[in-house]
Amino acid sequence: MPPQATQPAPSPDRAGRWAASAEGQARIQEALTASDRKVSELRAARQLDPEVLKLPITV
Amino acid sequence: MLTGEPFEVVEYSTPALVDLLVDKSGATRDTVEAKAHLSYFDGYFSHLGARTIVAENAYVDRDFLEDYAAYYSRCFADYPRRCTRLHFFSDPISKRRLTGLLTKGASSATVAKLQKGYLGFVVVKPLPETIIGRTCLKTYADDVSRRFPVLRTYNVSLFGIDLTVETLAFQEQDTAAAACATSALWSAFHGTGLLFQHPIPSPVAITQAGTSGVPDRDRAFPSHGLNIEQMADAIRSVGLEPYAVDVGDEEILKTTVLAYLRAGIPSILTVMLFNGGQRVGGHAVTVGGYHLGPLAQRHYNPMSGMASLAGRVDKFYVNDDQVGPFARMLFDGQPVTDSTTGKNYPFSVSTGWGPTVRAVPMAVVVPLYNKIRIPFSAIQDAMVGFNELLKAMQMAGVATIPPDLEWDIQLTTVSRLKREIIDDARIDHRMRAQLLLKSWPRFIWRATAASSGTPLLDLFFDATDLEQGELLLHAAEYDPRLGLDLRSFHAGLTGAQQKYLARSPVGKVIAWYR
C-alpha cells in the first residue's frame, strides 16, 4: 500500500523527542484529560435509567 | 376464506392483494384497507416489480400453529388453524403454466427462472385483524451504501418446487400471543438463531419466556407488551446474553447498532413514539440494515471526539411489526418536545406510522452469544483515548496522520476477518500472510482508521477475553511510518505518563507500542 503522503515525513524519533519535551508532556496530559472526560460522558450516557428498563413496550 | 383449490394464481395489483388478504383472513375489507401494512406492501412490491401472486391455500405455519395451540384453540370462537401463504413473483405466471409444471415436472432451468423472479412470501393468518403472519420478502438491492448484514437464506417449497429468499423474517403482532416487543425479538432470533445455533421460539414461547421470571402486575396473555427487563429474560431463554445500553445520544445509537450489525447481529431498538408531541407509547423494532451517507459527509461526533463510519448512517432499515419489513427510519435531525412534560429530546427518527409520528430512541438490546464477553463500549472507550493521542501528535506535526481520520469499529469472526484479509488487495503480501497465519479467537473486535476510504491502521481485539486482560491481539499499520512514530512516542513517555496510561482504557492500545 502506498504511504499516506499528507505531511512531510517526520524524522524517526521526532514523536519521542516531542513526547519527552515539556510541550509534548503538556499536550499529552491535555489529550489524556480530554479522553477521560469523554469516556466518563460516554459511560454516563450509555447507562440505562431504571425507569427505561421498566418502560412498557406496548404499541 | 379457504377454497377447495390447493392454489390460486392472480396478476399482482393492489386491489388483487386486498382481495386476497380479505378472502384468506377473517378480516373485513375496511380492516384490511386501514392497515398500514397495505400501503407499505404496495410501495414495496412496486419497487420490487411484483407481477404475480400465487396463493398457497391450507398452509401450515409452524409459528401460527404454536400460537394456535397455546391460545386460539382454547377460544370459544372458532378460528381456523391453517393459513394461506401468498408467494410473489416479478414474472407473469399463469395458473395453467404452474399446473403444467406440477403435472409434468419442472426442469432445473425452469426452477432457476422461477427463482430469479421469486420475491418471497407473506403468510396470511385467519384472524379478524392481525392477519400478517411470517413474512419473508427480498430486500432492496444491497450496495456499497445500503447494507443488510443480517440476511439469511429461507428455503421455500412451493408444492415441491424448491425456492429460496434472502431476508430476515417479519410478522405483525397479534396482540394475543405477542405484542411489538415479542415480534421484534422473534425477528431478531431469526437472525441470531442461524448465527449462534439456537432454536427459534414461536411468538407465544417468547412472551412466556419474557413473563415467567419477575412477577408482573399484568397478565402475560393476552400480551400487552414486555419491558426491557422482560425482553432480556426472553433473550436468556434461548441461551444468549442481552447487552443493553441507553441510546438517547445519537452517536451511541449509531455506533453501537452498527458495531454488532456488521457482524450480522440484529439489535432491538426500543423507542418512544410521539404524534405531534403527544406521547403514543413505547415501541420496539428490529434493526436489520442501514444506509450510509457519502464519505464527504464525514461526521465528527462531539461526545467521543471521533469521526466514525457509523456517524454517516442516515437511515436504519427495521422490521417494524406495525409497518412492514425493512421499513426506513430516517435520521433527519428533528428534535421532539413532549407536550405533556415539556421534556426536550434532541433527536428523533422518522417512522412508517405517518408523517407526524416520530420515534425517540430509548435503548438498544443486542442478543449476544455468551462468548462475546467484551462489549462494544470497552473498545469504544479505548479508541476515544487513542484518537485523542493521535490528534495531539497530528497537531504537533510529529506523526504521519492525516487530519480526516474516520474510525470503523465492528465485531467480526475469525473466518469472516480472514476472508476479508485474503480478498483485500490493499494489504501487502507480507502482512497478508502474517495476518492469515496468526491464531485468532472466534470473535474479534476490529477498529479500522481510514483516510478518504483508505485504511491506515487496523487494531484487532479479543472479544472473548476478560476486560482486565490485554485485549489487543494485533495492530496492523498499513503505513509503516505510523508504527515507527507510535513506538517513538511510547519511548518518549515519562514513567508517570506510562503508569497513568496503564490505568486508562487507552493503555491497552498504547501498550502494544512499547
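Calculation criteria
Sequence positions are assigned chain by chain, starting from 1 and proceeding in written order. Chains carry letters from A onward and ligands carry numbers from 1 onward, assigned in written order. Under the rules for a predicted model, residues below a pLDDT of 70 receive no local features and side-chain atom pairs below 80 are neither given nor counted, while totals for whole chains, interfaces and linings still include all residues. For side-chain calculations, the full set of non-hydrogen atoms in the structure is used, while hydrogens and water are omitted. What pLDDT reports is the predictor's confidence in each residue, on a scale of 0 through 100. Using a 1 Å grid laid over the protein atoms alone, points where a 1.4 Å probe fits but cannot get out form a cavity; open sets with protein on both sides within 12 Å along at least 5 of 7 lines form a pocket; any residue with an atom within 4 Å of a point counts as lining. Grid points are joined across faces, edges and corners, and a volume is the space filled by probe spheres set on the points. Put simply, DSSP H or I for four residues or longer makes a helix, DSSP E for two residues or longer makes a strand, and each gets a number counted from the N terminus. Amino acids are sorted into nonpolar (Ala, Val, Leu, Ile, Met, Phe, Trp, Tyr, Cys and Pro), charged (Asp, Glu, Lys and Arg) and polar (every other residue, Gly among them). For this text, the term disulfide refers to a pair of cysteine sulfurs within 2.5 Å. Relative accessible area decides the class of each residue, using a 1.4 Å probe on protein chains only: under 20% of the type maximum gives buried, over 50% gives exposed, and in between gives partly exposed. Two rings from Phe, Tyr or Trp (for Trp, the six-membered ring) form a pair when their centres are within 6.5 Å of each other. A pair whose planes differ by under 30 degrees is stacked, one over 60 is edge-to-face, and the rest are tilted. Within this scheme the basic residues Lys and Arg register as positive and the acidic residues Asp and Glu register as negative, but His and the chain ends are omitted. The term salt bridge refers to a side-chain nitrogen of Lys or Arg lying within 4 Å of a carboxyl oxygen of Asp or Glu. Counted as a polar contact is a pair of N or O atoms within 3.5 Å, where, for protein atoms, one must be capable of donating a hydrogen and the other of accepting one, and residues adjacent in sequence contribute only when both atoms are in side chains. In what follows, a contact means two residues having at least one pair of non-hydrogen atoms within 4.5 Å.

1. Structural notes on the confidence of the model for chain B
Averaged over every residue, the pLDDT of chain B is 92; residues scoring 70 or more account for 97%. Our summary of model confidence lists the complex with pTM equal to 0.93 and ipTM equal to 0.89.

2. Considerations on empty space enclosed by the protein
Residues and elements named next belong to chain B. Enumeration over the complete set of coordinates arrives at 2 cavities of 30 Å³ or more. A volume near 120 Å³ is recorded for the largest cavity. Taken together, 16 residues line the largest cavity, and the ones lying closest to its centre are Thr255, Ser308, Phe376, Trp407 and Ile409. Counting residues per element, the ones that place at least two in the lining of the largest cavity are α10 (250–261), α11 (376–396) and β20 (405–413). In this model, the second largest cavity occupies a volume close to 40 Å³. Elements supplying a minimum of two residues to the lining of the second largest cavity: α7 (180–196) and β14 (313–320). Considering every element that reaches the lining of the second largest cavity, the biggest residue donor is α7, with 4 residues. Across the lining of the second largest cavity, the residue classes break down as 4 nonpolar, 4 polar and 2 charged.

3. Side note on the state of the cysteines
Residues and elements named next belong to chain B. Evaluation of the coordinates by the stated rule reveals 0 disulfides over all chains. Cysteine 136 forms no disulfide, and the closest cysteine sulfur to it belongs to cysteine 83, at a distance of 13 Å. Cysteine cysteine 180 remains unbridged, with the sulfur of cysteine 136 as its closest cysteine sulfur at 20 Å. Assessed through its relative accessible area of 1%, cysteine 180 is described here as buried.

4. Points about the packing of aromatic side chains
Residues and elements named next belong to chain B. A full pass over the atoms with the stated rule returns 26 aromatic pairs over all chains. With a centroid separation of 5.1 Å and an interplanar angle of 55°, the aromatic rings of phenylalanine 89 and tyrosine 118 are classed as tilted. On the criterion of sequence distance, the pair formed by phenylalanine 89 in strand β3 (residues 83–89) and tyrosine 118 in strand β4 (residues 118–124) is long-range, its members being 29 residues apart. Residue class for phenylalanine 89 comes out buried when judged on its relative accessible area of 2%. Residue classification places tyrosine 118 among the buried positions, given a relative accessible area of 2%. Ring geometry for phenylalanine 274 versus tyrosine 345: centroids 5.6 Å apart, planes at 45°, classification tilted.

5. A short note on the side chain of Arg146(B)
Residue and element names in this part refer to chain B. Here arginine 146 shows up in strand β6 (residues 146–147). In this structure arginine 146 is buried but unpaired, with aspartate 143 as the nearest side chain of opposite charge at 4.4 Å. At a separation of 3.0 Å, a polar atom in the side chain of arginine 146 contacts the main-chain carbonyl oxygen of alanine 141. Setting aside its immediate chain neighbours within four residues, arginine 146 contacts Tyr140, Ala141, Tyr290, His291 and Tyr317.

6. Regarding the confidence of the model for chain A
In low-pLDDT segments, the atomic positions of the prediction should not be examined closely. Chain-level pLDDT for chain A is 84 on average; 80% of the residues reach the 70-or-more range. No element of chain A has a lower mean pLDDT than helix α3 (residues 50–53) of chain A, at 89, and none a higher one than helix α2 (residues 22–46) of chain A, at 95.

7. Some remarks on the pattern of salt bridges
Where side chains of opposite charge bring their charged atoms close, a pairing between them can arise. Per the stated rule, a full pass over the model turns up 27 salt bridges over all chains. Of the charged contacts in the structure, one is a salt bridge between Glu30(A) and Arg27(A), with a shortest N-O distance of 2.7 Å. With a gap of 3 residues between them, Glu30(A) and Arg27(A) both fall in helix α2, about one helical turn apart. Assessed through its relative accessible area of 47%, Glu30(A) is described here as partly exposed. The partner of Lys254(B) in a salt bridge is Glu250(B), and the shortest N-O contact between them spans 3.0 Å. Note that Lys254(B) and Glu250(B) are positioned in helix α10 at a spacing of 4 residues, about one turn of the helix. Here the residues in one salt-bridge network are Glu23(A), Arg27(A) and Glu30(A), joined through shared partners.

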